[in-house]
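Here is what each chain is made of, one letter per residue.
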Amino acid sequence: MDSIRGSQNSLITLVILLIFISKTVIQHISESVFVGLCLKVGTSQLVAMRRDLVDIFDKTRNQVNTLDVYSIMLSGSQKEGFKLKGSDVDMMLWLNDHRVIWELFQSQYYNTHRQTLILCDCSESPPGFTLLYLLSPSMYSDFHKACVRMNNRHYISSSKYRQIMFSLSSLNPSQHGPCASGTIGTKQYDSAHCFVSDFWPSSASSWIDRCHSWPQPHVVDEIVKNGCHFVPIGHKLGRHEDHEWRISFSLAEQILVYAMNHCQFLTYGLLKLILTEIINNGVGDDDKLLCSYHLKTAVFWVIQQNTIPHWYPQNVLECFWVCFKLLLKWVYKGVCPNFFIPENNMFLSKIHGDKQHQLFIRLYGLYEKGLGFLLHSPSVRYCIINVLHNPKLSICTDEHTLISEAEFDIILSHEIHSYDASQKSNIQSCMRYQQTIENLIGLPLLTQYQNLILQSLTTSVLQYTAFILQLNTHKNKPRYTADKISCHMLKLAAKFGCITDMMYTAMYYYKTLRYMKALSIIEMIKVKLAQPCVMYNNYVETERYTDIVERLSWSTRMRESVARNIRLNNTIHYINELIPEQQSALQNKCRIAYVPPLVLLYMLEILCYRHVDTRRVQTVLDDLQTLVHYDQGQLICLHCRDISWQILGICQQVTGNLQAALYSYQQSLSQEPYHKIHTATEIRMAQGEYLQ
């Protein structure tokens, strides 16, 4: 207790000290916070890279899906360039052949035989909301179940539409506002089924008139040209809450965030951190009244009203303080004006009465402490304390010095690997994907990061296509032709991909009974993995890596120096020995498996040597057992422990050591169930006990 009181007293002392320090020291602390935010949120280079990757992935997926029913757009934190712990994956989906118009004359721009038109009716809805009136019939039967009859017209009910979309999902989502919320793997997602309009709403025309200094005219033109969306949620105080739709400016907001300079973006990031770590810390979900959308709105207003003439590292705290005071003012008045339609008070049905008063007291208590309340944030506390303890500390705000080349490449590799074409599990989809990538590669305005992700997606598509061809061809002559094509595709994938992408070729050779060829590929992989410049997960010998790859392009670095977990699409059977695990995962709605490269390499070696040189089997099995038993997270990450123990058990079982296999299966069950393979594990354990 004494130590706790001591730390609390020292924190209070620092708060008091922070109140009375000079403006010069505040500027010094701002620089320190700027550096801390660059390391926590991202440098401008990291943020630009993330945005480039998500933009090209969105573009690729939607061009592939032009013949599909829906378009998909990533939104929220990921789209904006954040990579904060706990951030959700936000998606918006809309029917490609349905369009919303604001005026009847706009119907002339559409082929009504091919597209269903929907007309806005804002006459009985609060600002920012509308009813949607069906002008022409939809070809989808489920769609008409969402319609209600009012004033002799068929309106699309937001609540009914939302429930129908939820019922069609295989993921059993829960409702979160207008979104279906759930979990895929370890990621929380929010997806909103919405409608799109190609036209800018007249109710937001005043926003265009306000754009004198920010954003720039070309940004305004781009925003207006892209129209808006409608998400299925009504105003809680509206006359038709169950049937109304909220006008969404998600795409416009993404463009505005991209238009921020990096100091503005980091100020927004600091507000998000403070919301999570201080304002909402220890508060129940029902009492979390403020959300990041309110913070983003405050930053937009502050930038546009030119409250702060200059945004730079030396005044990050001043920028934050101005935004925080605006938020406090809004809570006091109970008014948060939507940035595009100010008449839409976003606090109206949420922050009022006792809850508003309690929130204001909470925020005002922080305001009274001044900037000292930031010391309660784990993310920025050390940035402040470092300067308070050493006011003469030299701080370099040059972003290029903050993250080493090796660190950046690790992050880049992780980001690229997080995007995948795994949903393409039939030949037609794979071919469309490849054709789309080929078309995009020729575009002149692609960034270096976008070329890298297209290279990675090409690798994935070639691998999927190779295995699908082999699985779907049964007659001898077509099978021979398909095999030649598959082998060629896998060789191409190995040239485009990273070191461990060669593993798919080894799996293919094993599956097609070419054991010696598989073993020769495995030996090549071993040699490459033994290089001193190899980067795997977060591990790399920084100095050696930098010395060796410093003059190489990123594309070459990815091919020669990067090793990744092997990603298996559970709808594709790569080797027979893992089919039960893939089926178990699919039953539990887990589409992708990630296997550490050395674990799969040893497994393939054991399986191949059983057919060509049984004397070598036990040696390799001992290597695999040592790896799985004693690795401390360097070669097998936490999420891969379950499948690694499982593979060790499979190898022990096929070599006849049933008792050791049972122990490995028990260990697999005791790990975090990331891969959802427990059903297969239990079946294998039962078989092992029976055989004993």
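Preceding this section is the structure that the text describes.
Residues numbered from 1 in each chain as written. Predicted model: local features only at pLDDT ≥ 70, side-chain atom pairs only at ≥ 80, totals over all residues. Heavy atoms only, no water.

Q: Give me the state of the cysteines: which residues, what numbers.
A: Counted under the stated rule, the structure contains 0 disulfides. Free of any disulfide, Cys 430 has its nearest neighbouring cysteine sulfur in Cys 487, separated by 17 Å. Cys 651 supplies the cysteine sulfur nearest to Cys 608, a cysteine that is in no disulfide, at a spacing of 11 Å. (Disulfide = S-S within 2.5 Å.)

Q: With reference to specific residues and values, describe the pattern of salt bridges.
A: Applying the stated rule across the entire model yields 18 salt bridges. Between Glu 80 and Lys 296 there is a salt bridge, and its shortest N-O distance comes to 2.7 Å. Of this pair, Glu 80 sits in helix H4 (residues 76-80) while Lys 296 is found in helix H11 (residues 292-304), placing the two residues 216 residues apart along the sequence. Judged by its relative accessible area of 2%, Glu 80 falls in the buried class. Between Glu 415 and Lys 83 there is a salt bridge whose closest N-O contact spans 3.4 Å. On the criterion of sequence distance, the pair formed by Glu 415 in helix H15 (residues 405-417) and Lys 83 in the loop between H4 and strand S2 (89-95) is long-range, its members being 332 residues apart. Given the relative accessible area of 6%, Glu 415 is considered buried. Overall, Lys 83 belongs to the partly exposed group, its relative accessible area being 40%. In the salt-bridge network here, residues are joined through shared partners; they are Asp 55, Asp 58, Arg 61 and Lys 79. (Salt bridge = Lys/Arg side-chain N within 4 Å of Asp/Glu carboxyl O. Helix = DSSP H or I, 4+ residues; strand = E, 2+ residues; numbered from the N terminus. Buried < 20%, exposed > 50% of the residue type's maximum accessible area, 1.4 Å probe, protein only.)

Q: Go over the side chain of Ser 71 with me, naming the residues and quoting the values.
A: Note that Ser 71 resides in strand S1 (residues 70-75). Within polar-contact distance, the side chain of Ser 71 engages the side chain of Asn 96 at 2.4 Å. Apart from the residues within four sequence positions on either side, Ser 71 is in contact with Asn 62, Met 92, Leu 93, Trp 94 and Asn 96. (Polar contact = N/O pair within 3.5 Å; in protein donor to acceptor, adjacent residues only side chain to side chain. Contact = heavy atoms within 4.5 Å.)

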